[in-house]
Amino acid sequence: MNYDGKALTIAGSDSGGGAGIQADLKTFHSFDVFGMSVLTSVTAQNTIGLYAVHDVPPDIVGAQIAASRYEYMFWDAVYNQQEWPV
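An account of the accompanying structure is given in this report.

Cut-off values and rules
- Residues numbered from 1 in each chain as written.
- Predicted model: local features only at pLDDT ≥ 70, side-chain atom pairs only at ≥ 80, totals over all residues.
- Heavy atoms only, no water.
- Helix = DSSP H or I, 4+ residues; strand = E, 2+ residues; numbered from the N terminus.
- Buried < 20%, exposed > 50% of the residue type's maximum accessible area, 1.4 Å probe, protein only.
- Contact = heavy atoms within 4.5 Å.
- Areas by Shrake-Rupley, 256 points an atom, 1.4 Å probe, with all protein chains shown as cover.
- Pairing = 2+ DSSP bridges.
- Axes fitted to C-alpha atoms, helices over the stretch in contact; angles between N-to-C directions.
- Core = buried A, V, L, I, M, F, W, Y, C linked by side-chain atoms within 4.5 Å.
- Right-handed = clockwise from strand over helix to strand, strands pointing away.

Some words on the overall build of the protein
Here comes step 1: Scanning the protein from N- to C-terminus turns up 2 helices and 5 strands.
Here comes step 2: Along its sequence from the N terminus, the protein presents helices and strands in the succession β-α-β-β-β-α-β.
Here comes step 3: Within the protein, buried positions represent 30% of all 86 residues.
Here comes step 4: Sequence-distant contacts, at least 24 apart, represent 63% of the contacts inside the protein between residues at least 6 apart.
Here comes step 5: Just so you have it, the protein exposes about 5,700 Å², and 59% of that area is on carbon and sulfur atoms.

Comments concerning the sheet that holds strand S5 (residues 77-80)
Here comes step 1: Pairing is parallel across the open sheet formed by 3 strands, whose spatial order is S2-S1-S5. The open sheet is flanked by strand S2 (33-39) and S5, the only strands paired with a single partner. Here the strands of the sheet are splayed against their neighbours by 20° on average, with no regard to which way each runs.
Here comes step 2: Pairing geometry for strand S1 (residues 5-11) and S5, over 4 bridges, is parallel.

A short note on unusual backbone geometry
Here comes step 1: The backbone of Asp32 shows a phi angle near 55°, a positive value even though the residue is not glycine.
Here comes step 2: Position of Asp32 among the secondary structure elements: in the loop between helix H1 (20-30) and S2.

Some details on the nonpolar core
Here comes step 1: Of all hydrophobic cores here, the largest spans 7 residues; its members are Leu8, Ile10, Met36, Val38, Val56, Val61 and Trp75.
Here comes step 2: Elements supplying a minimum of two residues to this core: S1 and S2.

Some remarks on the environment of Gly17
Here comes step 1: As for its placement among the helices and strands, Gly17 is situated in the loop between S1 and H1.
Here comes step 2: As a C-alpha pair, Gly17 and Asn46 span 29 residues in sequence and 8.3 Å in three-dimensional space.
Here comes step 3: The contacts of Gly17, once residues within four sequence positions are left out, are Gln22, Ala23 and Lys26.

Focus: the pairing of S1
Here comes step 1: Of all 7 residues that make up S1, 6 are buried, and the element is covered over most of its length.
Here comes step 2: Sheet analysis places S1 next to S2, joined by 7 bridges and oriented parallel. The residue bridging Gly5 from the neighbouring strand is Val33, located in S2.
Here comes step 3: Chirality of the crossover, the property in question, places the unit of S1, H1 and S2 among those that are right-handed.

Looking at the environment of His54
Here comes step 1: Relative to the helices and strands, His54 is located in strand S4 (residues 50-55).
Here comes step 2: Once the C-alpha coordinates of His54 and Thr40 are considered, the two residues, 14 residues apart in sequence, prove to be 8.7 Å apart.
Here comes step 3: With near-sequence residues (within four places) excluded, His54 lies in contact with Ser41 and Val42.

Don't take any of this as a statement about function, it's just geometry.
If you want it as structure tokens, here you go:
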């Protein structure tokens, strides 16, 4: 498949599939954009509620970003929906 671009999403995972990384990648695909992801947190959730959250350590988030820029995979756009406390 020929893609119109490459985009990186930085977000948490939604185990229900309706938000977060999962929704971003679906949206990218619908616009013929190759999607890459950096996972910031893992959740246990569904349409009823949020049951648990586990944040990915910052050094692992940084390593994912660095790895996503490798060679031909450099992104054309970045979408960040995760906020980190300062």
